[in-house]
Amino acid sequence: MGNPWTVRQLRRLNASNTPEILFMSETKVTKNIAEQKKESLGFSRAFGVSCVGRAGGLCMFWKEETISFRMMSFSQNYICGDVRSSGDVRWRFVGIYGWPEEENKHKTWALIKGLCDEYEGPIVFGGDFNEILSYDEKEGGASRERRAMVGFRNVMDDCSLGELRFVGQWHTWERGRSPKSRIRERLDRFIVSHSWLNLFPESFIDHKVRYCSDHAVIVLRCLGNEGMPRRWDGGFRFETFWLLDDACEEVVRGAWSAAEGGRICEKLGVVARELQGWSKKAFGTLKKKIEVVEKKLHEAQCEAISNDNCERCVSLEKELDELHAKNEAYWYMRLRVAERFWHIIGDEVFNFVSSILHNYSCPENVNCTNIALIPKVKSPTIVSEFRPISLCNVLYKIASKAIVLRLKQFLSCIVTENQSAFVPGRMISDNSLIALEIFHTMKKRNNSRKGLIAMKLDMSKAYDRVEWGFLGSYC
């Protein structure tokens, strides 16, 4: 998790699978570094266990807005917590990392037995057990006796734990690039109690494509299609990746000229449509291409080991590397689109903003924005529990920025001294210090014949409900 590229891949996987809980093993970083990644991965809470040297390390991430997760216990090999999901369904989840050494694997089975004995409710174990359940779950490599496999089956029988059906390739761990060196095993899985399976009878495991790791990501889907990727039309967005192609400027120039005589908002709409059409023909969708290659790689990983299969997997992984490299170029580019094509659109943008500043015209659609609602509380149910964020368009931002820069020069002359906002150099802490001084003075003068009163108001509730005349009569 110390590699930024790894974090971006995790973010992409989380966006496409939308898990409410994420358990990671072998993070190979400290507790603090792992927990700091929670926001970038789309989670609100995290609990990590530091690695020992360059080995091990665990972290549990969860979304506090949708579920409740209460930590119960942990060690270098597991994290255990109680989950309360939608509908007040309660169960226990244990993220586990089994001992990899053959002589220590009995500790994994003792751990599972102990955790099951101390909890009688629905429970699910998930992670890297570092062991298979049968010889059918291994392909390639030298044949040898695996005594720990018997211990794994015995502890599942003793604790009444069962397996879930899965989709995708049968193996979750793979190493080697040639038929002679390639080994496949099913080391990662979820095992559940019967009471848990009664809560989620439609649950199954989704084995994702293995890429840039010897382990594949596995996803526990509890309610059929819950958590499956959802399509969303987010409208037009200028892809900075387009700027890598010289033809992009010609498309912008041609579309802008073709819409000559129209209003600037209409011309921008024409440019957007032309860019989308050009991008589809020139590149296709980069994200879609990655998905197609991943699907082919996934299918190849489901086939038996052979020379052709190994060569195809290596070729597809190389192709996927190239696509992700292009995607990296997209995320790293920080070019300003308006500045890049200013020689084409600059004059009309200047005239349009000038007309607003001089009060000649201001089309209503310039103020049209996309609004994102950010939850302020856990499990919001009403609109007031969201914080709206307006995603304004570029024309509006340019005009508003010009107005702000003009007002900035004399704001200090028209904003009173007891107002802490809007004026550089003034801080909200100044008002707090003044309030403390006032309360201190009131406390010292509490023996005077003339009384003093302080009123604390929640302005978000009182502003539209209390008349200033009413307040003034008490001051």
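Residues numbered from 1 in each chain as written. Predicted model: local features only at pLDDT ≥ 70, side-chain atom pairs only at ≥ 80, totals over all residues. Heavy atoms only, no water.

Participant: Quick one: what's the story with the nonpolar core, residue by residue and with numbers?
Facilitator: Counting 23 residues, the largest nonpolar core has Phe 93, Val 124 and Trp 196 as the members making the most contacts within it. The set of elements that each furnish at least two residues to this core consists of β2 (45–49), β3 (58–62), β5 (78–85), β6 (89–97), β13 (188–193) and β15 (218–221). With near-sequence residues (within four places) excluded, Val 124 lies in contact with Trp 91, Arg 92, Phe 93, Val 94, Phe 190, Ile 191, Val 192, Trp 196 and Leu 220. Counting 22 residues, the second largest nonpolar core, distinct from the first, contains Cys 80, Ala 148, Phe 152 and Met 156. (Core = buried A, V, L, I, M, F, W, Y, C linked by side-chain atoms within 4.5 Å. Buried < 20%, exposed > 50% of the residue type's maximum accessible area, 1.4 Å probe, protein only. Helix = DSSP H or I, 4+ residues; strand = E, 2+ residues; numbered from the N terminus. Contact = heavy atoms within 4.5 Å.)

Participant: Tell me about the environment of Leu 357, and name the residues and values.
Facilitator: With respect to the helices and strands, the residue Leu 357 is situated in helix α12 (residues 342–357). What makes Leu 357 partly exposed here is its relative accessible area of 24%. Here the alpha-carbon distance between Leu 357 and Ile 403, two residues 46 residues apart in the chain, equals 7.3 Å. Apart from the residues lying within four places of it in its own chain, the contact partners of Leu 357 are Ala 399, Ala 402, Ile 403 and Arg 406.

Participant: Just give me the short version of the packing of aromatic side chains, but keep the residues and values in it.
Facilitator: Under the definition given, this model contains eight aromatic pairs. These aromatic residues form a ring-pair network of at least three members: Trp 91, Trp 196 and Phe 200. If you follow Lys 31 out to its NZ or CZ, it ends over the ring of Phe 47, 4.0 Å from the centre. Taking NZ or CZ as reference, Lys 63 lies 5.6 Å from the ring centre of Phe 43, over its face. (Phe/Tyr/Trp six-rings, centres within 6.5 Å; stacked < 30°, edge-to-face > 60°. Lys NZ or Arg CZ within 6 Å of the ring centre and 35° of its normal.)

Participant: I'd like to hear about helix α9 (residues 286–301), residue by residue, with values.
Facilitator: When the terminal C-alpha atoms of α9 are compared, their 22 Å separation across 16 residues agrees well with the 22 Å that a helix rising 1.5 Å per residue should span. Listed as buried for α9 are Leu 286, Ile 290, Val 293, Glu 294, Leu 297, His 298, Ala 300 and Gln 301. One side of α9 carries all its buried residues, which in axial view fall inside an arc of 160°. Every exposed residue of α9 that faces more than 90 degrees away from the buried side is listed here: Lys 288 and Lys 295. (Expected span 1.5 Å × (residues − 1). Arc of directions from axis to C-beta.)

Participant: Residues and numbers for the side chain of His 298, please.
Facilitator: Here His 298 lies in helix α9. Those residues in contact with His 298 that sit more than four places away from it in its chain are Gly 168, Gln 169, His 207, Lys 208 and Val 209.

Participant: Mind laying out the environment of Ser 257, listing which residues take part and the relevant values?
Facilitator: Mapped onto the secondary structure, Ser 257 falls in helix α7 (residues 247–258). Residue Ser 257 is classed as partly exposed on the basis of its relative accessible area of 47%.

Participant: Report on the sheet that holds β3, specifying residues and quantitative values.
Facilitator: Reading across the sheet, the three strands line up as β1-β3-β2 and stay open at both edges, with antiparallel pairing between neighbours. The open sheet terminates on both sides in strands that have one partner only, identified here as β1 (21–25) and β2. Within this sheet the neighbouring strands show an average axis-to-axis angle of 10°, counted without direction. Where β2 and β3 come together, five bridges link them in antiparallel fashion. Bridge pairing in β3 links Ala 46 to Phe 61. (Pairing = 2+ DSSP bridges. Axes fitted to C-alpha atoms, helices over the stretch in contact; angles between N-to-C directions.)

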